[in-house]
Amino acid sequence: MTLLYFAWVRQKVGRSEETVDLPQGVSSVSGLLAWLRARGGGYADAFADPARLRCAVNREHTSFDAPVGANDEVAFFPPVTGG
Amino acid sequence: MIAIRVQEEDFDLAAEAAKLREGATGAIATFTGVVRGDASLSLEHYPGMTEREIARHVEDARARWPIQGVTVIHRIGHLPPGANIVLVAVASAHREAAFRACEFLIDYLKTRAPFWKQQGGDWVEARESDEAALDKWR
C-alpha cells in the first residue's frame, strides 16, 4: 500500500511518501495509525494525537474507522487550510 | 465551462472573468483570496485529490443552482504578502445563483480541498469558523 504524509505530518515523519506491505492484523485506518505510531521516533510524534489528524483513502476524505486494504493509497494530514 | 486549476503562477481576474463571459450572460460573481499581513505564505497540496475534491463540489453547486460556468484557480508554492491565493468565479443568468454558488464553493474549498498553508515557518491552524460556515449549506 502507498502511504502519503502532508504538512507537519510529513515533516515529523521525515518523508512524503512510502510503500509498505499491509501490516498483519491491520484492517482499518485507525489500525494503520496505531501501527505507524508504534514505529517510534518521528512516527510516534506525528501520530501521537489522532484528534489533530485527518485521513483520506484513495483520495477521498474518510473517518479513521474506514477499512484499508493492500492496494490502497492512504494519506495522513492535519485539517486543511486552503482558500 | 468548468475550469479547475492548481498552479504556482499568478492569475488575472479580468482575463478569467472575460473567459466566463463567452456564452454566459447575466451575472458573474468572483471571489479572490489574497495573502494578508506582512508574512509570506507557502502552500502545498495533495495532487490528484485536490482537483477531484474541487470538481466534486463544483458538481454539487451545479445541482443546487443554475450555473453556466465556473472557474476555480488555487495557487501553491511561495506567495508573498498581497499575492493572489485563490479565485472562484461563477457565471449564471442571475445574481443570486452566482453569489450563492461562489460562496458555497469557497466555503467548501477552505474546509475540504487538501491544501496546507505555512506562514513564517509555522503551519496555519484550521479555524472552527470555517467549518461552521458550512452549516448554511446543509
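Residues numbered from 1 in each chain as written. Chains lettered and ligands numbered in written order. Predicted model: local features only at pLDDT ≥ 70, side-chain atom pairs only at ≥ 80, totals over all residues.

For this particular structure, what's the right way to read the pairing of strand β1 (residues 2–5) of chain A?
Two faces, one strand: in a regular strand the side chains alternate between the faces of the sheet. Residue and element names in this part refer to chain A. Pairing geometry for β1 and strand β2 (residues 17–19), over three bridges, is antiparallel. By the bridge assignment for β2, L3 is matched with E18. Where β1 and strand β5 (residues 73–77) come together, four bridges link them in parallel fashion. Across the sheet, residue L3 finds its bridge partner in β5, namely V74. (Pairing = 2+ DSSP bridges. Helix = DSSP H or I, 4+ residues; strand = E, 2+ residues; numbered from the N terminus.)

Can you walk me through the pairing of strand β4 (residues 67–75) of chain B in this structure?
All names here are of chain B. Taking burial as the measure, the nine residues of β4 include eight buried ones, the bulk of the element. The sheet contact formed by strand β1 (residues 2–7) and β4 spans six bridges and is parallel. The partner of Q7 across the bridge, within β4, is R75. Of the strand pairs in this sheet, β4 and strand β6 (residues 84–92) are connected by seven bridges, and their pairing is antiparallel. By the bridge assignment, I67 is partnered in β6 with S92. (Buried ≥ 20, exposed ≤ 12 C-beta atoms within 10 Å, placed from the backbone.)

Would you mind going over the environment of E60 of chain A with me for this structure?
All names here are of chain A. Relative to the helices and strands, E60 is located in strand β4 (residues 60–62). When the 13 C-beta atoms within 10 Å are taken as the criterion, E60 is described as partly exposed. It is 9.3 Å that separates the C-alpha atoms of E60 and A75, two residues lying 15 residues apart in sequence.

Explanation requested: the packing of helix α2 (residues 49–64) of chain B against helix α3 (residues 95–112) of chain B in the structure shown.
Helices that pack against each other are described as a pair by the angle of their axes relative to one another and the distance between those axes. All names here are of chain B. Their axes nearest at 10 Å, the elements α2 and α3 cross at an angle of 150°. When the axis of α2 is compared with that of α3, the two are roughly antiparallel. Read as a crossing pair, α2 and α3 show a hand that is right-handed. Together, E53, I54, H57, V58 and A61 of α2 and A101, F104, L105, Y108, L109 and R112 of α3 make up the contact between the two elements. (Axes fitted to C-alpha atoms, helices over the stretch in contact; angles between N-to-C directions. Parallel < 35°, antiparallel > 145°, perpendicular 65-115°, else oblique. Left-handed = near helix turned anticlockwise from the far one by under 90°. Contact = placed C-beta atoms within 7 Å.)

Explain the interface of chain A and chain B here, please?
Contact with chain A, which involves 14 residues of that partner, is made by 21 residues of chain B. Its residues assigned to classes, the side of chain A that touches chain B comprises nine nonpolar, four polar and one charged. (Nonpolar A, V, L, I, M, F, W, Y, C, P; charged D, E, K, R; others polar.)

Honestly, the nonpolar core in this entry has me stumped. Any pointers?
As a rule of thumb, nonpolar side chains are buried together in soluble globular proteins. Core analysis: the biggest nonpolar cluster contains 56 residues, and F6 and A75 of chain A together with V88, V90, A101, L105 and L109 of chain B have the highest contact counts within it. Ignoring any residue separated from it by four or fewer positions in sequence, one finds A75 of chain A in contact with L4, F6, C55 and A56 of chain A together with Y46 of chain B. (Core = buried A, V, L, I, M, F, W, Y, C linked by C-beta atoms within 7 Å.)

Could you clarify how one ought to interpret the sheet that holds strand β3 (residues 41–45) of chain B in this entry?
In a beta sheet, neighbouring strands are held together by backbone hydrogen bonds and run either parallel or antiparallel to one another. Residues and elements named next belong to chain B. Pairing within the open sheet is antiparallel, and its four strands lie in the order β5-β3-β7-β8. At either margin of the open sheet sits one strand with a lone partner, and together these are β5 (77–79) and β8 (122–123). With three bridges connecting them, β3 and β5 associate as antiparallel partners. Looking at β5, one finds that S42 is bridged to H78.

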